[in-house]
Amino acid sequence: MKLGLRLIRHVAALGPSILPFADAATKELPLGRLMRLSLFQVTVGMAAVLLIGTLNRVMIVELEVPAWVVALMLSLPLIFAPLRALIGFRSDTHRSVLGWRRVPYIWFGTLLQFGGLAIMPFALLLLSGDTTGPMWAGQVAAALAFVLVGAGLHTTQTVGLALATDLAPAHARPKVVALLCVMLLVGMMVSAVAFGLLLADFSKVRLIQVIQGTALVTIVLNGLALWKQEARDPDRARDAAQPSFSESWAAYAGQGLARRRLVATGLGTAAFTMQDILLEPYGGQILHLSVGATTALTAMLAAGGGLGLLAAARWLNRGGDPFRVAAAGAVIGILAFSCVVFAAPLGSTQVFAAGVSLIGCGGGLFAHGTLTASMAKAGPEDTGLALGAWGAVQASAAGLAIAGSGIVRDVGSALAVSGALGEGMSDPSIGYLVVYHIEIALLFATLVAIGPLVRDRSPQPAARGRPRVALSTSST
């Protein structure tokens, strides 16, 4: 009996240490607190899957909304992507009576997400024509819902990453970044399965319940994530001269190779995301995979991404250069898209599956490397601005790349089928292959942009334009 109790105590003591990313915890940021903080990424993943995946299909198929209207609505959240740098800057310079910088912005972003999701199902029903009122009312209501969700999503993620950077010591940040990225993937995968099961027996009432349930889960999880995270410092409420956004941006962009970092981030992100809406149709139309097999591609992509994040965290923890990590991701991406290209003429599903997994792995390495580099190069009081700039470039490049890939694929396929490209290029796969070759070219351009960054040894900048404020050691 005593031996059994002793064994249980040993296992309980060992338990936290063998959890994934347990080594990301530090004395300043214990594992429990870190896991709570990462919940904001879960809600971001839920919103992304709901908008891009679930509602994309429901609006077109079940609600019979015209495809061009769906495309327009889904593009509205991207309006706020370029504003992420401004949002991050505002969270850097915010003066609160309570002494918080990040918390008010994360909470306001959460309320925007909640509000958008709360009115969205009714707006979609109006948009589908299920009303005796004018059609413009449904269009305006749906546009408002998507804009609110997009604004809240970008605000919450930008400032949440800045808060994580504030709380984590410099040596632990690569592992913290990896954990936050993995939690985003977890949120996307779990919510995708949950939405699929809940909407399997579709009805309009069930749609309302699912979307508003997502709103409730969002506000609860983000509330838990924020609880006692940021220390209060009443000194922040004192009036002090603050630079304008244009002044801070000019100082940040003019420091070292900041512009080149953003260019490399944009090129690499576009290269890895152009395929997002094409891999499953490519597998089904060109390689004749079943629906179940193409659906499994999402899991393979996510698994590869998780492996890339783990490898990046381990590499950076050993003192690796984040730009070398990003460059390694680009090289793997070139190999990955080459596999996808050759899968069509070879008719090999195994080569295609390997390529999909490698795309996830390369994308994970690249995202982790560029985000960690942005954290490392930010000044002590410019974290929000730096991460906002990274997020603005990344989100904008991803949105434009996804939209452009659909256009390029359609135009390429139309030209090939019509015979305009010649007899040797009349295969239906030509449209897809054009996109994949563009992605390979973008990855080579990314390597060119990263080259000088690897050699850059400029020191981490100090605070610019405003006094350094010491953090209080007590949380509320």
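Computed from a predicted structure; not experimentally measured.

Undergrad: What should I look at first to understand a nonpolar patch on the surface in this one?
TA: Together, Ile407, Val411, Leu415, Leu421 and Met425 give the surface a local cluster of nonpolar side chains, amounting to about 420 Å² of exposed area. Structurally, the position occupied by Ile407 is in helix 16 (residues 383-418). The class for Ile407 is exposed, based on a relative accessible area of 57%.

Undergrad: Explain the confidence of the model for the protein here, please?
TA: Interpretation of this model should avoid reading the predicted coordinates in detail wherever pLDDT is low. Averaged over every residue, the pLDDT of the protein is 78; the share at 70 or more is 81%. Mean pLDDT values over the elements of the protein span from 45, in helix 1 (residues 2-14), up to 93, in helix 14 (residues 322-346). Of the regions scoring below 50 in pLDDT, residues 10-20 engages in 4 contacts with residues more than four places distant in sequence or in other chains. Taken as a whole, residues 462-476 scores under 50 in pLDDT and shows 40 contacts with residues more than four places along the chain or in a different chain.

Undergrad: Teacher, can you tell me more about the packing of helix 10 (residues 245-253) against helix 16 here?
TA: In a pair of packed helices, the angle between the axes and the distance between the axes together describe the arrangement. In contact at an axis separation of 11 Å, helix 10 and helix 16 are set at 75° when each is read in the N-to-C sense. Taken together, the axes of helix 10 and helix 16 are roughly perpendicular relative to one another. Touching Phe245, Ser248, Trp249 and Tyr252 of helix 10 are Leu385, Ala386 and Ala389, all from helix 16. Looking at the contact of helix 10 with helix 16 residue by residue, the class counts come to 6 nonpolar, 1 polar and no charged.

Undergrad: Even after reading the chapter, I still don't get the packing of aromatic side chains, so can you show me in this structure?
TA: What characterises a pair of aromatic rings is the spacing of the ring centres plus the angle enclosed by the ring planes. Per the stated rule, a full pass over the model turns up 6 aromatic pairs. Residues Tyr282 and Phe352 carry aromatic rings whose centres are separated by 5.5 Å and whose planes lie at 55° to one another, so their mutual orientation is tilted. Of the two residues, Tyr282 is situated in helix 12 (residues 279-285) and Phe352 in helix 15 (residues 349-377); the sequence distance between them amounts to 70 residues. Here the aromatic rings of Phe337 and Tyr436 are separated by 6.3 Å at their centres, their planes lie at 25°, and the arrangement is stacked. In this pair, Phe337 is assigned in helix 14 and Tyr436 in helix 17 (residues 430-455), connecting sequence segments 99 residues apart. The same class applies to Phe337 as to Tyr436, namely buried. Ring pairs connect the aromatic residues Phe272, Tyr282, Phe337, Phe352, Phe366, Tyr432 and Tyr436, which therefore count as one cluster.

Undergrad: Would you mind going over the side chain of Ser38 with me for this structure?
TA: With respect to the element layout, Ser38 can be found in the loop between helix 2 (31-37) and helix 3 (39-62). Once you skip the residues sitting within four places of it in the chain, Ser38 turns out to touch Leu180 and Met183.

Undergrad: It is not clear to me how the packing of helix 11 (residues 258-273) against helix 16 should be interpreted in this structure. Could you clarify?
TA: In the contact formed by helix 11 and helix 16, the axes pass within 8 Å of each other and the chain directions differ by 35°. Regarding helix 11 and helix 16, the two cross each other, and that crossing is right-handed. Where helix 11 abuts helix 16, its residues Leu262, Thr265, Gly266, Thr269, Ala270 and Thr273 lie against Ala389, Trp390, Val393, Gln394, Ala397, Ala398, Ala401 and Ile402. A per-class count over the contact of helix 11 with helix 16 returns 9 nonpolar, 5 polar and no charged.

Definitions and cut-offs
- Residues numbered from 1 in each chain as written.
- Predicted model: local features only at pLDDT ≥ 70, side-chain atom pairs only at ≥ 80, totals over all residues.
- Heavy atoms only, no water.
- Patch = residues over 30% accessible without salt bridge, like charges linked within 9 Å, V, L, I, M, F, W, Y side chains within 5 Å.
- Areas by Shrake-Rupley, 256 points an atom, 1.4 Å probe, with all protein chains shown as cover.
- Salt bridge = Lys/Arg side-chain N within 4 Å of Asp/Glu carboxyl O.
- Helix = DSSP H or I, 4+ residues; strand = E, 2+ residues; numbered from the N terminus.
- Buried < 20%, exposed > 50% of the residue type's maximum accessible area, 1.4 Å probe, protein only.
- pLDDT = per-residue confidence, 0-100.
- Contact = heavy atoms within 4.5 Å.
- Axes fitted to C-alpha atoms, helices over the stretch in contact; angles between N-to-C directions.
- Parallel < 35°, antiparallel > 145°, perpendicular 65-115°, else oblique.
- Nonpolar A, V, L, I, M, F, W, Y, C, P; charged D, E, K, R; others polar.
- Phe/Tyr/Trp six-rings, centres within 6.5 Å; stacked < 30°, edge-to-face > 60°.
- Left-handed = near helix turned anticlockwise from the far one by under 90°.

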